[in-house]
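Read off the chains here:
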Amino acid sequence: MKKLAVIALALFSVSVIAQAANAETLVKQPQAALFVLDTSGKQPKLLEGTQLSRSKPRNLCIRIFDVPIQEQNMFAEYFSAPAPMNIVSKGSEVRIDEDKKGFLVVTNMNKADIKDNLITRCWEFTPQDPIGKYNVEVQFNDIVFKGLSFEILR
């Protein structure tokens, strides 16, 4: 009888450990994504890919999700452009690299301003912005996302 109780306890322990391991895999990892919106209609329409034309009403958007949100948050975006350009962001601090190809945009966000735990920021490009591939690094508080890119077409 004691052997049976020991075996049952061992099997129960293995089951609990397996369930704990499964619960850990369900924890979502912080993520960042780029997407393009067609803003020509009454409602913005999600487009496929990360290419956008500067001659059409399009916005490039950055979305961050599954991150811990504090009462006060720091959202930083670093853009590397293919050629010199200007960037404007009301309500944010903008730092421009000497060659005017790199831009750091730092925005402070209150928790109350973040809806559904999604951080979204959209950018509009003009015909004066350079055509080509852009690289983006994004930071939300202490979490950094690298390797994001998009392309501006005619």
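No experiment lies behind these values; they were computed from the predicted model shown. (Residues numbered from 1 in each chain as written. Predicted model: local features only at pLDDT ≥ 70, side-chain atom pairs only at ≥ 80, totals over all residues. Heavy atoms only, no water.)

Let's talk about the sheet that holds strand 4 (residues 58–65)
- Here 4 strands make up an open sheet; going across it, the order is 2-1-4-8 and the pairing antiparallel. With partners counted over all chains shown, the strands left at the sheet margins are strand 2 (45–47) and strand 8 (119–124), one partner each. When strand polarity is set aside, the average angle formed by the axes of neighbouring strands in this sheet is 35 degrees.
- Across 3 bridges, the pairing between strand 1 (residues 31–38) and strand 2 is antiparallel. Residue pairing for strand 2: Leu37 is matched across the bridge by Leu46. (Pairing = 2+ DSSP bridges. Helix = DSSP H or I, 4+ residues; strand = E, 2+ residues; numbered from the N terminus. Axes fitted to C-alpha atoms, helices over the stretch in contact; angles between N-to-C directions.)

Quick word on the nonpolar core
- Counting 28 residues, the largest nonpolar core has Ile119, Phe125, Phe140 and Phe150 as its most contacted members.
- Contributions of two or more residues to this core are made by strand 1, strand 4, strand 5 (72–80), strand 7 (102–110), strand 8, strand 9 (132–140) and strand 10 (143–153).
- In this view, Phe140 contacts Ile64, Val67, Pro68, Ile69, Asn73, Met74, Phe75, Met109, Ile114 and Ile119; residues no more than four positions away in its chain are not counted. (Core = buried A, V, L, I, M, F, W, Y, C linked by side-chain atoms within 4.5 Å. Buried < 20%, exposed > 50% of the residue type's maximum accessible area, 1.4 Å probe, protein only. Contact = heavy atoms within 4.5 Å.)

Digging into the packing of aromatic side chains
- Taken as a whole, this structure holds 5 aromatic pairs when the rule is applied.
- For the pair Phe79 and Phe150, a centre-to-centre distance of 6.4 Å together with 80 degrees between the ring planes defines the contact as edge-to-face. On the criterion of sequence distance, the pair formed by Phe79 in strand 5 and Phe150 in strand 10 is long-range, its members being 71 residues apart.
- Judged by relative accessible area, which is 4%, Phe79 ranks as buried. (Phe/Tyr/Trp six-rings, centres within 6.5 Å; stacked < 30°, edge-to-face > 60°.)

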